[in-house]
Amino acid sequence: MTLSEDAVLGVKRSVSGRYWRNRLLDSRASTALAQAMNMPEIVARVLAARGVTTDSYSDFVKPSLRTLMPDPSRLTDMDIAVDRLADALENSETIAVFGDYDVDGATSSALLKRYLEHVNGRVRVYIPDRLKEGYGPNEHALKKLESEGARVVVTVDCGTTAYAALECASAGNMDVIVVDHHDAEARRPPCLALVNPKRFDDRSDCGQLAAVGVVFLLVVGLNRALRARGWFAVREEPDLRQWLDLVALGTICDVVPLTGVNRALVNHGLRVLVRRGNVGLAALADSAGVREPPGTYHVSYVLGPRVNAGGRVGEADLGARLLSTDDRAEAVALASRLDALNAERRSLEKEVERTAMSQLEGRVGDATPLVVAAGEGWHPGVIGIVASRLMERYRRPALVIALEGDIGKGSARSIAGVDLGAAVIAARQAGLLIAGGGHAMAAGLTVAADKLAALTEFLTLRLEAQVAGSDSMAISVDGALTVGAANSELVDTLRHVGPFGAGNPEPRFAISATRVAHASVVGERHIRCVLTDSTGARLNGIAFRSVDSCVGQTLLDAAGRALHVLGYLRFNEWRGRKQVQLTVVDLAVA
């Protein structure tokens, strides 16, 4: 199929330089699904484009943990980890949970803490300081935990490549269990058990799980083992589903594919989240002004960033503390603190983003496979977000490095089809990094300043072919609609396709041949608009952070021109009114 045949509404170059590509290339699949399931063709197109068939339809729209949940014992070393933790509980040993400071780490830590405390375990959570200790286990922290009496340490969302630190721990009186999901190497870290579906000898087929998903399997396995040992003969056995809100939060925010068991975990977890049983999450939603039942959007862009804020610019353990407390007063105080830190994070992020953009101005060409920005004094807690912004702007992998003297802390984000984590691990193995690792879409690293140029060259050469073949300027579209067809009935029906995220992208539609009846700047660099067509139908739209972009300027200067407008259809609730709104992402002159 040629580009012209593939282009939705004939858009081969939008105002932002993108071509609009049909996500579904063979309409026969959607026709068959529409007829078999008696559904609108546009909805069938969305489902078929995500690989849904008549056979898989039921599992997709109603994902069941009963049918999709894997046996925890399928993961290599899981039974070793479970048996050691069960022994620790029976012997009243202190168990330390060593977590990461991001959302996946915080939810993993809180989930394991809540479970262990529920079954009368002695547990201590430790989250390292991003600036002072960096990512993952370190010798000082492990010695501290040992001195406090911990005999078992469970690292969550970290530890797979922490060779030196775990060597130190193995020489002492502690058993270390690593529960992780980051890319592994052939070399195994020195530990009692390495539970990571991405280790080379693991055959569980669970590599899509976030760390919190792996921790949930650990909890399921441990609960089963305790039941077999008679632990619950005199104790209440917990309903593990009550903590699926934490699993959903970590899974969504870590941007892992929402397919298979992840889809079931998130689907059920969002239902738990709506019930507001976790007082920390309820307080956080209140402080952020969330007045409607939270979905993947609220988790990704409202709750997640606030949980992250402590690890980025404040106290690293605030997120885990908030998610694991049952004290309402403490939850309100922690949520307020995280909300304030999130505002501080946004301010720092804007300044670093502005400086990075000015640094890159005129230096990024069509053939540039990797965008790299580095600056002295940049806050390490916001460079990951800035890397995401650069990746979105330039449509290629981006690496942002905060320099402090002779050392640089870096965070990188990738595009679909480009394995960034493997490239960073290769750079570390080549002696170009002090530390580094990650997964396909995101990575972190520490580099000596005098090796930055060599690192950039290495990564550029490593990623060049992948970026060239990634088709990064294409934007997938699920279908074209008129203004009148973008109605509440369609949005309601599409809810069954959710939850949306990586692996199950939110449907993106092109509104054809519309005109801008009104457009104005609102809030912080946003543009609100009203779209209309020849029938008089109207559709509200919002283009976030678009004032300085070509999309925003085109909306403001539309002057009656016919436009094709691309975006996401969502409900917007305001003061008791619920209306369909298009979140605008791109435009093309009709």
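Only a predicted model underlies this, so the values are computations on that prediction, with no experimental measurement involved.

Talk me through the side chain of Asp100; I want residue IDs and the actual numbers.
Within the element layout of this structure, Asp100 appears in the loop between β2 (94-99) and α7 (103-118). Arg130 provides the closest opposite charge to the buried, unpaired Asp100, separated from it by 6.4 Å.

Run through the packing of α7 against helix α10 (residues 211-228), naming residues and quoting values.
When two helices pack together, their arrangement is given by the angle between the helix axes and by the axis-to-axis distance. For the pair α7 and α10, interaxial distance at closest approach is 8 Å and the crossing angle is 15 degrees. Comparing the axis directions of α7 and α10 gives the class roughly parallel. α10 is crossed by α7, and the crossing has right-handed handedness. Only Ala211, Val212, Val215, Phe216, Leu218, Val219, Leu222, Asn223 and Leu226 of α10 make contact with α7, whose side of the interface consists of Asp104, Thr107, Ser108, Leu111, Leu112, Tyr115 and Leu116. The class makeup of the residues in the contact of α7 with α10 is 12 nonpolar, three polar and one charged.

So, unusual backbone geometry: which residues are in play, and what are the values?
Glycine aside, negative phi is the norm for most residues, and most peptide bonds take the trans geometry. Between Gly498 and Pro499 the backbone carries a cis peptide bond, its omega angle lying at 5 degrees. With respect to the helices, strands and loops of the structure, Pro499 is situated in the loop between α20 (488-494) and β14 (509-522). A positive phi angle, near 55 degrees, is found at Leu9, a position not held by glycine.

Please give an account of a nonpolar patch on the surface that cites residues and values.
A contiguous nonpolar patch, built from Tyr297, Tyr301 and Phe544 and spanning about 330 Å² of accessible area, is present on the exposed surface. Relative to the helices and strands, Phe544 resides in the loop between β16 (538-543) and α21 (550-556).

Can you explain the sheet that holds strand β8 (residues 398-404)? Please cite residues and give values.
In space, the five strands of this open sheet follow the order β7-β8-β9-β11-β10, with mixed pairing throughout. Edge strands, defined here as strands with exactly one partner in the open sheet, are β7 (371-376) and β10 (435-439). Ignoring which end each strand starts from, the neighbouring axes of this sheet average 15 degrees apart. Contacting β7, β8 and β11 (442-448), helix α19 (residues 452-468) runs over the sheet at an angle of about 145 degrees to β11.

Describe the pairing of strand β18 (residues 577-589), listing the residues and the values that go with them.
On a regular strand, each side chain points to the face opposite its neighbour's, so the side chains alternate between the two faces of the sheet. Sheet analysis places β16 next to β18, joined by three bridges and oriented parallel. Directly across from Gly541, in β18, lies its bridge partner Leu582. Note that strand β17 (residues 563-574) and β18 share 12 bridges and pair antiparallel. Bridge pairing in β18 places Phe571 opposite Val580.

Conventions adopted
Residues numbered from 1 in each chain as written. Predicted model: local features only at pLDDT ≥ 70, side-chain atom pairs only at ≥ 80, totals over all residues. Heavy atoms only, no water. Helix = DSSP H or I, 4+ residues; strand = E, 2+ residues; numbered from the N terminus. Buried < 20%, exposed > 50% of the residue type's maximum accessible area, 1.4 Å probe, protein only. Lys, Arg positive; Asp, Glu negative; His and termini not counted. Salt bridge = Lys/Arg side-chain N within 4 Å of Asp/Glu carboxyl O. Axes fitted to C-alpha atoms, helices over the stretch in contact; angles between N-to-C directions. Parallel < 35°, antiparallel > 145°, perpendicular 65-115°, else oblique. Left-handed = near helix turned anticlockwise from the far one by under 90°. Contact = heavy atoms within 4.5 Å. Nonpolar A, V, L, I, M, F, W, Y, C, P; charged D, E, K, R; others polar. Patch = residues over 30% accessible without salt bridge, like charges linked within 9 Å, V, L, I, M, F, W, Y side chains within 5 Å. Areas by Shrake-Rupley, 256 points an atom, 1.4 Å probe, with all protein chains shown as cover. Pairing = 2+ DSSP bridges.

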